[in-house]
Amino acid sequence: MTYFAELSSPQVAALASDERVPVLLLPVGAVEPHGPHAPLGTDPLISRGMCERAAARLAGDPGVRVLILPEVPYGVTRLAAGFAGGISIGEETLYALLTEICGALAEQGLTRILLVNNHFEPAHLTVLRRVAETAGVGFVDLVRRRYAERLTDEFRSGECHAGQYETALVLADRPDLVDAAVQRDLPPVHVDLARTTITDFGSAGMTEAYCGSPAQATAEEGEKTFSVLTDILVEAIRELV
């Protein structure tokens, strides 16, 4: 069994005596617009896809048992204001939710927890870094250089909200959620979201809530990127153990 919430209470209690070290992955993201072609849940979908692939890769490992916690799909997403579908929660709400989840697990002796996030709004990332520090859990912070340099050119450029990078990942995992007829006709939008001066998508020039080049995305690229993301997550799991 891979999903924590599918275990029974006695099965969770038995984790303490398992020869394998339990590591719990907590997928995090945000519900927000991802262009006219990709689903609102793109970010948590990618986080969950990373977790599932890492758990599958380590399924036969004698030293670690990977379990996936129910995802937290809501995050700080003010940049998407003005577009339909965004559900933003405040920084303190997100901080309290994540720290209490981690605290409840730690009280049961389940202290090896990794936050797995694919929503990169600066205010959201600040909260996750604070949670990792105060709750004493791991955080796979993909925008850090050690990870970002292994990802695609578009990701490193900062032009990756619902662009080629993210769209490819969704195509690899849930192609049915991408409107291919719309995707293939979308022109590139060159907006670097790493700039701290951006206050919202619309004023930055992202008039359809995307940047980058989604028309260039393919499922094949998405699978390759997922493989790299899985490498990163597996390494983080082993570091935590």
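In what follows, the accompanying structure is described.

Conventions adopted
- Residues numbered from 1 in each chain as written.
- Predicted model: local features only at pLDDT ≥ 70, side-chain atom pairs only at ≥ 80, totals over all residues.
- Heavy atoms only, no water.
- Helix = DSSP H or I, 4+ residues; strand = E, 2+ residues; numbered from the N terminus.
- Contact = heavy atoms within 4.5 Å.
- Polar contact = N/O pair within 3.5 Å; in protein donor to acceptor, adjacent residues only side chain to side chain.
- Expected span 1.5 Å × (residues − 1).
- Buried < 20%, exposed > 50% of the residue type's maximum accessible area, 1.4 Å probe, protein only.
- Lys, Arg positive; Asp, Glu negative; His and termini not counted.
- Salt bridge = Lys/Arg side-chain N within 4 Å of Asp/Glu carboxyl O.
- Axes fitted to C-alpha atoms, helices over the stretch in contact; angles between N-to-C directions.
- Parallel < 35°, antiparallel > 145°, perpendicular 65-115°, else oblique.
- Left-handed = near helix turned anticlockwise from the far one by under 90°.
- Pairing = 2+ DSSP bridges.
- Right-handed = clockwise from strand over helix to strand, strands pointing away.

### Observations concerning the environment of Asn117
Here's step 1: When you line up the elements, Asn117 lands in strand 3 (residues 113–117).
Here's step 2: Placed 11 residues apart in sequence, Asn117 and Leu128 show a C-alpha to C-alpha distance of 8.6 Å.
Here's step 3: Contact partners of Asn117, with chain neighbours within four places excluded, come to Val28, Gly29, Ser47, His124, Leu125, Leu128, Phe139 and Leu142.
Here's step 4: A distance of 3.0 Å separates the side chain of Asn117 from the side chain of His124, its partner in a polar contact.

### Side note on helix 10 (residues 219–240)
Here's step 1: Over its 22 residues, helix 10 extends 31 Å from the first C-alpha to the last, a length consistent with the 32 Å expected when each residue adds 1.5 Å.
Here's step 2: Every buried residue belonging to helix 10 is among Glu221, Gly222, Thr225, Phe226, Leu229, Thr230, Ile232, Leu233, Val234, Ala236 and Ile237, and all of these are buried.

### Concerning the side chain of Glu166
Here's step 1: Positionally, Glu166 belongs in helix 7 (residues 164–173).
Here's step 2: Here Glu166 occupies a buried position and makes no salt bridge, while the nearest side chain of opposite charge, Arg48, is found at 13 Å.
Here's step 3: Looking at Glu166, its side chain comes within polar contact range of the main-chain nitrogen of Ala162, at 2.8 Å.
Here's step 4: Setting aside residues up to four positions removed in sequence, Glu166 forms contacts with His34, Thr42, Asp43, Ile46, Asn118, Cys160 and His161.

### Re the packing of helix 2 (residues 42–57) against helix 7
Here's step 1: At a minimum axis separation of 10 Å, helix 2 and helix 7 run at an interaxial angle of 60°. Judged by the angle between their axes, helix 2 and helix 7 are oblique. Crossing of helix 2 against helix 7: the hand is left-handed. Between helix 2 and helix 7, the residues in contact are Thr42, Asp43, Leu45, Ile46, Gly49 and Arg53 and Glu166, Leu169, Val170, Ala172 and Asp173, respectively.

### Some thoughts on the pattern of salt bridges
Pairing between side chains of opposite charge can happen when the charged atoms of each approach one another.
Here's step 1: The final tally for this structure, using the stated rule, is 14 salt bridges.
Here's step 2: The closest approach of N and O atoms between Glu92 and Arg130, which form a salt bridge, is 2.8 Å. With Glu92 in helix 3 (residues 91–106) and Arg130 in helix 4 (residues 122–135), the pair connects residues that are 38 residues apart, well separated along the chain.
Here's step 3: Owing to a relative accessible area of 30%, Arg130 belongs among the partly exposed residues under this scheme.
Here's step 4: Taking the shortest distance from any N to any O, the salt bridge between Arg129 and Asp141 comes out at 2.6 Å. Remark: Asp141 occurs in the loop between strand 4 (138–140) and helix 5 (145–148) and Arg129 occurs in helix 4; sequence separation between them is 12 residues.
Here's step 5: The partly exposed category is assigned to Arg129, whose relative accessible area is 27%.
Here's step 6: For Asp141, a relative accessible area of 6% gives the class buried.
Here's step 7: A network of salt bridges, in which partner residues are shared, links Asp18, Arg20 and Arg65.

### Looking at the pairing of strand 3
Two faces, one strand: in a regular strand the side chains alternate between the faces of the sheet.
Here's step 1: Extensive coverage of strand 3 is indicated by the burial of five of its five residues.
Here's step 2: Burial along strand 3 is two-sided: the residues Ile113, Leu115 and Asn117 and Leu114 and Val116 are all buried.
Here's step 3: Across five bridges, the pairing between strand 1 (residues 21–28) and strand 3 is parallel. Each bridged residue has a counterpart across the sheet, and for Leu26 the counterpart in strand 3 is Leu115.
Here's step 4: When strand 3 meets strand 4, the two strands line up parallel, connected through three bridges. Pairing of Val116 across the sheet is with Val140, part of strand 4.
Here's step 5: For the crossover from strand 3 across helix 4 to strand 4, the handedness is right-handed.

### Here's the deal with the sheet that holds strand 4
Here's step 1: Strand order in the open sheet formed by four strands is 2-1-3-4, with parallel pairing between adjacent strands. Since the sheet does not close on itself, it has two edges, and those belong to strand 2 (64–68) and strand 4, each with one partner. Across the sheet, the mean angle separating the axes of adjacent strands is 25° when strand polarity is ignored.
Here's step 2: Bridge count between strand 1 and strand 2: five bridges; the pairing is parallel. Its bridge partner lying in strand 2, Leu24 is registered against Leu67.
Here's step 3: Contacts from helix 2 reach strand 1, strand 2 and strand 3 within the one sheet, and its direction differs from that of strand 1 by about 160°.
Here's step 4: Packing of helix 4 onto the sheet brings it into contact with strand 1, strand 3 and strand 4, and relative to strand 3 it is tilted by some 175°.

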